[in-house]
Amino acid sequence: MDPRHEPREEYVGTAELGSSSTTIPVAVTLRGHFEPLDGRFHWYGRIAPDPTLAEVHRPGSTLVLTTPHGRAEGRISDVDPWGRFRISGTGTPPF
């Protein structure tokens, strides 16, 4: 993790999506915000279409997303019409 990294509300770039059995390089677009009602940071975004991801994981899977700035556990959910999985998590984001 780069100690010079400033906290941000958005990240667009490369990442790795991992489980206990596989790690897949992916491209992501992530955003987040602090939610005052529950006192936690909520992050979310889309993973670019990837045939390996679609073969290995299904909506509902909990995976670890790692960017050059950090890592966090997230849950993948629906796939949009363009083949992108949605991912979301709470707490310290991976960006």
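Residues numbered from 1 in each chain as written. Predicted model: local features only at pLDDT ≥ 70, side-chain atom pairs only at ≥ 80, totals over all residues. Heavy atoms only, no water.

Looking now at the overall build of the protein chain. A count of helical and extended segments in the protein chain gives one helix and six strands. Reading the protein chain from its N terminus to its C terminus gives the helix and strand order β-β-β-α-β-β-β. Computed over the C-alpha atoms, the radius of gyration of the protein chain is 13 Å, within 12% of the 12 Å expected from 2.2 N^0.38 for a compact globule of 95 residues. Over its C-alpha atoms, taken along the principal directions, the protein chain stretches across nearly 35 × 30 × 25 Å. For the protein chain, the residues scored as buried account for 36% of the 95 residues in total. Looking at the protein chain alone, contacts between residues at least 24 apart form 50% of all its contacts between residues at least 6 apart. With the model as given, the accessible surface of the protein chain reaches about 5,800 Å², and the carbon-plus-sulfur share is 53%. (Helix = DSSP H or I, 4+ residues; strand = E, 2+ residues; numbered from the N terminus. Rg over C-alpha atoms; globule rule 2.2 N^0.38 Å. Buried < 20%, exposed > 50% of the residue type's maximum accessible area, 1.4 Å probe, protein only. Contact = heavy atoms within 4.5 Å. Areas by Shrake-Rupley, 256 points an atom, 1.4 Å probe, with all protein chains shown as cover.)

A few words on the sheet that holds strand S3 (residues 40-47). Across a sheet, paired strands are connected by hydrogen bonds in the backbone, their directions being either parallel or antiparallel. Pairing is antiparallel around the closed barrel formed by six strands, whose spatial order is S1-S2-S3-S6-S5-S4. Across this sheet, the average inter-strand angle for adjacent strands is 40°, counted without regard to direction. Where strand S1 (residues 10-18) meets strand S4 (residues 62-67), three bridges bridge the pair, whose relative direction is antiparallel. Its bridge partner being in S4, Glu16 is matched across the sheet by Thr66. (Pairing = 2+ DSSP bridges. Axes fitted to C-alpha atoms, helices over the stretch in contact; angles between N-to-C directions.)

This part takes up the packing of aromatic side chains. Going through the model one piece at a time under the given rule, you end up with one aromatic pair. Between Phe41 and Phe95 the ring centres are 6.5 Å apart and the planes differ by 65°, which places this aromatic pair in the edge-to-face class. Taken together, the residues span a long stretch of sequence, with Phe41 in strand S3 and Phe95 in the segment after strand S6 (85-90) at a distance of 54 residues. Of the two residues, Phe41 and Phe95, neither departs from the other in class, the shared state being buried. (Phe/Tyr/Trp six-rings, centres within 6.5 Å; stacked < 30°, edge-to-face > 60°.)

Let's shift gears to the side chain of His42. Relative to the assigned elements, His42 resides in strand S3. In this view, His42 contacts Arg31, Gly32, His33, Glu35, Gly89 and Thr90; residues no more than four positions away in its chain are not counted.

It is worth spelling out the side chain of Asp50 at this point. Structurally, Asp50 is set in the loop between S3 and helix H1 (51-56). A polar contact of 2.9 Å, which involves the side chain of Asp50, links it to the backbone nitrogen of Thr52. A distance of 2.9 Å separates a polar side-chain atom of Asp50 from the backbone nitrogen of Leu53. (Polar contact = N/O pair within 3.5 Å; in protein donor to acceptor, adjacent residues only side chain to side chain.)

Moving on: the pattern of salt bridges. Tallied over the entire structure, the rule returns four salt bridges. For the salt bridge of Asp38 with Arg40, the shortest nitrogen-to-oxygen distance reads 3.7 Å. Exposure remark for Asp38: the relative accessible area of 36% places this residue in the partly exposed category. A relative accessible area of 41% places Arg40 in the partly exposed class. The partner of Arg46 in a salt bridge is Asp78, and the shortest N-O contact between them spans 3.5 Å. You can see Arg46 sitting in strand S3 and its partner Asp78 sitting in strand S5 (residues 70-79), a full 32 residues away along the chain. In the salt-bridge network here, residues are joined through shared partners; they are Arg46, Asp78, Asp80 and Arg84. (Salt bridge = Lys/Arg side-chain N within 4 Å of Asp/Glu carboxyl O.)

Scope: geometric values only; no functional claims are made or implied.
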